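So you can see what is in the structure, the chains are spelled out below.
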Amino acid sequence: MDQQKRKDLNLRLGNLILAISLATVPTAITYGTLSIHGLNICRNLSSKVIPSSKIKEKCDEAAWNTTRSYIILIGFFITLPTWMWFYLSTKKKEVSKK
């Protein structure tokens, strides 16, 4: 592997690691927001239905499971643009130095 390809690979990997670490906070905020939203829907549903204890319990469980199933997708869509922004801005600085 020639020097330029190696440097480009290191740049991509380094920016990916940086983007993943910086995307954890927005991912956690989004996860929390979706969880609260699901639990609010369950609370509102249980207030409208007469035997509410079983429905709220099942609805809360379904809300948590649904939100948990989207965590990878949420993280991916937050990390990808961050990584591309880091990579392109670093690449632009590298080209302007030459």
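For the structure given in this document, a descriptive report is provided here. (Residues numbered from 1 in each chain as written. Predicted model: local features only at pLDDT ≥ 70, side-chain atom pairs only at ≥ 80, totals over all residues. Heavy atoms only, no water.)

**Brief notes about helix α2 (residues 52-69)**
Note the cut-off: For helices the rule is a DSSP run of H or I covering at least 4 residues; for strands it is a run of E covering at least 2, with both sets numbered from the N terminus onward. An expected span of 1.5 Å times one less than the residue number is assigned to each helix. For the exposure calls, accessible area comes from a 1.4 Å probe over protein chains only, and a residue counts as buried if that area is under 20% of its type's maximum, exposed if over 50%, partly exposed in between. This arc is built from the directions going out from the helix axis to the C-beta atoms.
Its 18 residues place the ends of α2 25 Å apart at the C-alpha level, agreeing with the 26 Å of an ideal helix rising 1.5 Å per residue. Regarding α2, the residues found buried are Cys59, Asp60, Ala63 and Thr67. All buried residues of α2 fall inside an arc of 105 degrees around its axis, so they share one side. Residues of α2 that are exposed and point over 90 degrees away from its buried face: Lys54, Glu57, Lys58 and Ser69.

**What to know about the packing of helix α1 (residues 3-48) against α2**
Stated formally: Helix axes use the C-alpha atoms of the stretch in contact, all axes being lines fitted to C-alpha atoms, and the angles between their N-to-C directions lie in the range 0 to 180 degrees. For this classification, under 35 degrees means roughly parallel, over 145 means roughly antiparallel, 65 to 115 means roughly perpendicular, and everything else is oblique. Crossing handedness: left-handed means the near helix sits turned counterclockwise from the far one by under a right angle, and right-handed means the same turn made clockwise. Whether two residues are in contact is decided by their heavy atoms, any of which lying within 4.5 Å being enough. Residues were grouped as follows: Ala, Val, Leu, Ile, Met, Phe, Trp, Tyr, Cys and Pro as nonpolar; Asp, Glu, Lys and Arg as charged; and all remaining residues, including Gly, as polar.
It is at 9 Å that the axes of α1 and α2 come closest, and there the two elements cross at 160 degrees. Between α1 and α2, the crossing angle belongs to the class labelled roughly antiparallel. Here the hand of the crossing between α1 and α2 comes out right-handed. Across the interface between the two elements, Tyr31, Leu34, Ser35, Gly38, Leu39, Cys42, Leu45 and Ser46 of α1 pack against Ser52, Ile55, Lys56, Cys59, Asp60, Ala63, Trp64, Thr67 and Arg68 of α2. In terms of residue class, the contact of α1 with α2 is made up of 9 nonpolar, 5 polar and 3 charged.

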